[in-house]
Structure formats: structure tokens, C-alpha cells
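Remarks on the overall topology
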Amino acid sequence: MEVTATVLWIMALLLFGSVASAVTAKRRSACAKLSFAITTVASVLMAGLAAQALLSPSGSLGGSLFRIPILESEAAFGLDGLGAIFLLIIAVLGFVAALYSIGYITHPHYAGESLARYYPFFFVFLLGMVGVTVAWDLFIFLVFWEVMTLASYFLVIFERENRTSLRAGFKYFVMTHIATACLIAAFVILRLKGDSFGFAAARGALSEILSGGGILAHGFLLLLFVGFATKAAIFPLGDWLPDAHPAAPSPISCLLSGVMIKIGVYGILRTFLWIAPSHPMISTWGGVIAFFGALSLFVGTMEALAQHDAKRLLAFHSMGQMGYIFLGVGIGLAFLRVSPALSAIGFIGGIYHLVNHACFKGLLFLNAGSTLLRTGTRELDRMGGLSRMMPLTAVTAVIASFAIAGIPPLNGFGSKWMLYQVSLFSGLQAPVYLLYGIAAIFISAVTLASFIKFLGASYFGQPSTNVSARGDGICEVPASMQAAQVILAIACVLFGVLPFLVVGPIHQALSAARPGLFPEASLLFSGPLAGINIQLGEGISSIWSPLPILLGLIVCLLIPFFIYRASGASVRKVTPWVCGEVHRPDEVRYQASGFYLTFRSLAAPVVGRARAAGFYPRWPSIRARWLAPVRTVFNFDFIYDVIVSALMKSIGWVSRVHSGYPQVYVLYMAAGLVVAVVLLYTLH
């Protein structure tokens, strides 16, 4: 009962915070500080409870509070290793969001909005997420799932006079409740097959469903997948996310992306791994989850590359990064019965990236909120040069951007590296996973390109007319907002340099879920705390040592710095040469809309929705393409027309090949070399 008592204390604190913030809403500063204090106490209790669960030898803690006889349900709360990891994320991100909100939500930008529509729902939102992670009964799980969804809906439409926010909220409400309906249907099926809504009964019922096979089993797993993948914002089920994230206040966007969409992954892991037995059908659906993960990471990131709205860009990247997580979890499920070592690496890589994503994506949304308050806009084209006015925000934005792009030694690289490894090794048994791994590596480069645009257009380069007009009004954000950003930036560095701080607890949680199935940590990994050496079979398969790389990077930066200081060279500032003419600042600065035009044009057929926004040329419709040959047949000169058309197209293709750029010809040479090597290898 100790765990249940602590859970009740946490929930009572959050409910008290909801009431207290509603009462003190008119005193904005006092309300924000009181809410932060209550959130801090609740977060400390959450962290302590999570640590207790992770250190428990049994791997799980829990107890029952009361029964609901009519439904054969009980208010059972517990916490195991999996729930502890998610509860820690809620604790840290909740604390950071409350700290950031002190300066953010009381800013004059939100002077017309009542805090009675912010903090009460903020606490209920946290309550719902905590309840989902500690509920050990499917009915109670659904109750808290709905509490989480409704509270987040009201936070998305916080700016109720903004019609865009209302439309985004309505879309979010409808799509997430369709997903909830799928979960209700799935849980009702489990209840009909079992004798209660408890997790133990659900395990037996799910085993019976899977043993029966057929349409019912696949339909049941489809309901679970749709319900959880929609909340996780996996493409194409997460279409609500690019609208909801920009509409919500930035601290809420931090929680939506950093925590709430992760609850969908929690649902997948809890049902497909913790509750479900080892069955070939689960492995099959692991392949489905991995496929949608690869699809989401590709489409979401490509969509992000076309965005000029800072928060919308980040929202599409959430869809893309969740794809990485689903890829790892899917591979883990697919190889659960075939190769426990590969399965463990897949799960660990996916959950490790989940923790990392909570850190760097939460930080990026806070960065976007800071620039919004100072510039009054989310449009990247109307920013620029902010690093000189907001240096700390700029530094943390660089750390978060490099982390999400997978730049070593930050945390994003460590988890992506593990996902690359498991994709490539699993590709030796099923080649499709090799394609997923190649796509993941390519998209990581696209992510870097996207965040070079994000940083270059907002923090570096020349200020836009909008920034210049605000003058001294643009300065660093208040101390509470700076502190929140620094906390997450430190986490991005710490979890990258010392990966076993995260990898160790994840492995422990997996081992508790399936005792005796996964290899011991010493058999999977070797090396010091500041590194990960993966072992699959005999010997080390791959090595990642971030600390030596970090030290080498620091040395390489210090050497030119000392050389520069020793030279004593003077610095001369001059006005940039603009061809001897007077131009407006926006005419000579590199704007976000100018990045990667050629690449975006080539990607237009893949990224259809961006083409609808006007960024890409519109291709002829499919109908016109199909009807064109039919019309040609009834033309007396069709043979002449077909021949001439084919010749003109081939000539045009050849002319496009000769672009005149040396880099393109070098690329042709490299491609030709690869083809020659493949042919020699094939003919050998």
C-alpha cells in the first residue's frame, strides 16, 4: 500500500493545484509561482516513486485500492520499470514546463487570456498522464487516458479567440477520440474473453485471442495499434499534431511532444510486450509497427523541411522522431522469438531515443516560445540575428538542434546509433530492415539540414526588418525561462556522454518484463560507463565511446582559439558589400524560404501536402496522365506524335543531366564507380 499511498498523494497534490490555481488566477504572478511550487513537490514525489520501482528487486510495486463490482474492475495502482521510466519523464518535463510558465504565461503577450483556463487544466493534464502510467487495470487506464485527452484539448484551445487554435483543437479532439473508441473496443473484447479488467486477466484473455488466430486476432491488434499510434502521432494517423502543437502555448507544446505522444508508445509496449504472450502474430505486428515507424520518420521529416513556421516545423519533426522510436520497438517485437539479443537492442534503442526526444524536443519548443515572446512571430523569415540579443537561448537551441540531428556526442546520436545498428544487423535476416536503416540514416541528414535552416534563419545571420524594428525590445528571456532551457540542455549533453545512465535502467525494465528471455547487460554491452559496445554473438559488433570524442572536440576547438588569441589580430567590422546599391535588410538576408529549394522541388512528388501549400510545382493529375494515351490513339498522327514526344523527352532528360555543376559530375562518377563494383562482384 505504500506505493498506492504515494500515488494518491501525488494525485491529491495535482487536484489541489488545479483548485488553488483557479482561485488565484487573477493574481497572475502569485498563481504562476504557487503552481510551480505545487508541481515541484509532486515532481519530487514522482521521481522518488520511480526510483523506488527501478531499485526494487521484484521489478514491480503496486496494490489495490477498491473494487468496482459491476464492471469487475478495481482501482489498482502499481509501478514497474517501464512505468517508472515514463513517470520520470512526466516528473522532469512537468517541473520544467511549470518553471518556464512563470515567465511565459504571465508575459503581456497573454495578458488577455485568463490563467483559470491554463493552470487548472495543466494540473489535470499531469494527473491524467500519471494515472495512465500507474494504472494496472484497463478500465482505470481508460479513465485516466480520457482525462489526459480532455485536459490537453482545453490547453490546445487556450487562446479561445484564435480561430486557428479552435480548428486545431477540434481536429485534435475528433481524431484522438476516434483512437479512444478503438481502445475501448479492444478492451471490451479483452473483458469478454477474461473475467475482469485487471492486467493479469487481460494477459490470459489476450493469450486466448492470439491462440484462436484469424480475423478476430488481427482485428484486435489493429484496434490497439490504431488507438496507440494515433496518440503517438505516427503518420498517417497523427495528422492532428502539426496543427495542435503550434496552437498550444509553448510549455504545453513541450508537454505534448515531450510526454503525451510518448504515452502512445507506453500503450504499445504495455500491451504488445508486457501483457501479450510470445506469439508469431505479435512478431508479425512488430514488422507492421517498424514499417509505419520508417514511413513516419521519412514523411514527417520531409514535411518539416518545407515549413517556415518554427513550431509547425518542430511538430512535423515530432512525427518524424516518433518514427525512429516505433522503428526500434517494431524491430524488438519482430525479433522477440527469433533473436532475443537483437530484440533487446531494438527495444533499448527505441526507449533510449524516447527519453532523448523528450529532452531535446521539449527544449526546442521552449526555444520557440522564447523567440515568439521576443519577436512576436513564429515565422522564421521574420527573425534572424537573435543570437546577439538572446545568447543563452541561442546556445541551448544549438544544443537541442544538434541533438535531434544526431550530432555526436549529444544524446540524439547515441540512440540513433543503436537504431542504425539494430536495423543493419536485423537486415541480415530480413532485408527490408536494412532499407529502413538506410532511410533512417538519410533522414538524419535531412534533419540536420532542417535545423541548419531553423538556426540560420532565427538565431544567426542578419536581423529581419521585424527584429530591427523592435530594437532594444528584444533581449534575453526571464531567469525562470532560461533555467528551464538550461536544465534540458544539460540533459541532452549528459545522456549523450554517459549513455548507460539511461540504457541501464531500460535494460533492467525489459528484463523484469520477460524474465530470463533477454541476455544480461554484460552479454549485450561492454566497456566503461561512458560508452556502449554492442555484442551480438561472439565479440564486439560495434563501438560507441562519446567521452573521448567530446574531449577531442574540446581540444580541437581550444587549439585554434589559442592560436587566434596569440596572434593578436585586430577585428574590423564593415558593412557588407551589396553591389553598391541600397537594399532593404530582408532583400539581402538569407531567409528560411530560400533554403534547399532544389531539394524540395525534387522531393515534391513524395511530399504531397507541401505541394498544396505552394512550395512545389504542381504536376499533371493522374486522371490526365491516364487519359492522354487514350486520346492519342484516336489521333491519326498518333505514331508521329508518340515518336516525337519520346525523342523530345529523351533530349530534355539528357540536357538536364548536363547541369554544368562540377559537383554533379563528381556524383555521376561516384555512382558509376558503385555500379561498376556491383557488376564486377555479380559477374565474378
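Refer to the structure printed above.
What you are looking at is a predicted structure, and each value in this text was computed from that prediction instead of being measured.

**Overview of the packing of aromatic side chains**
- Here the structure, examined in full by the defined rule, presents 32 aromatic pairs.
- For the pair Tyr-119 and Phe-122, a centre-to-centre distance of 6.1 Å together with 75° between the ring planes defines the contact as edge-to-face. Taken together, the residues span about one helical turn, with Tyr-119 and Phe-122 both in helix α4 (residues 119-134) at a distance of 3 residues.
- Accessibility expressed as a relative area gives 0% for Tyr-119, which makes it buried.
- Between Phe-561 and Phe-562, the aromatic rings sit 5.6 Å apart at their centres with planes inclined by 65°, giving edge-to-face as the arrangement.
- Here Phe-562 falls in the exposed class, since its relative accessible area comes to 53%.
- Grouping aromatic residues by their ring pairs yields a cluster made of Tyr-100, Tyr-104, Tyr-110, Tyr-118, Tyr-119, Phe-122, Phe-123 and Phe-158.

**Here's the deal with the environment of Leu-13**
- With respect to the element layout, Leu-13 can be found in helix α1 (residues 2-23).
- Leu-13 gets classed as buried once you look at its relative accessible area, which sits at 19%.
- Remark: the alpha-carbon pair of Leu-13 and Thr-39, spanning 26 residues in sequence, is separated by 8.1 Å.
- The residues contacting Leu-13, other than those within four sequence positions of it, are Ile-38, Val-41, Ala-42 and Leu-45.

**Notes on the packing of helix α14 (residues 391-404) against helix α18 (residues 479-497)**
- Orientation of α14 relative to α18, taken along the N-to-C sense of each, is 30°, at an axis distance of 10 Å. Judged by the sense of rotation from one axis to the other, the crossing of α14 with α18 is left-handed. Judged by residue contacts, Leu-392, Thr-393, Thr-396, Ile-399 and Ala-403 of α14 engage Gln-482, Gln-485, Val-486, Ala-489, Cys-492 and Val-493 from α18.
- Residues belonging to the contact of α14 with α18 are distributed by class as follows: 7 nonpolar, 4 polar and no charged.

Cut-offs used in this document
Residues numbered from 1 in each chain as written. Predicted model: local features only at pLDDT ≥ 70, side-chain atom pairs only at ≥ 80, totals over all residues. Heavy atoms only, no water. Phe/Tyr/Trp six-rings, centres within 6.5 Å; stacked < 30°, edge-to-face > 60°. Helix = DSSP H or I, 4+ residues; strand = E, 2+ residues; numbered from the N terminus. Buried < 20%, exposed > 50% of the residue type's maximum accessible area, 1.4 Å probe, protein only. Contact = heavy atoms within 4.5 Å. Axes fitted to C-alpha atoms, helices over the stretch in contact; angles between N-to-C directions. Left-handed = near helix turned anticlockwise from the far one by under 90°. Nonpolar A, V, L, I, M, F, W, Y, C, P; charged D, E, K, R; others polar.

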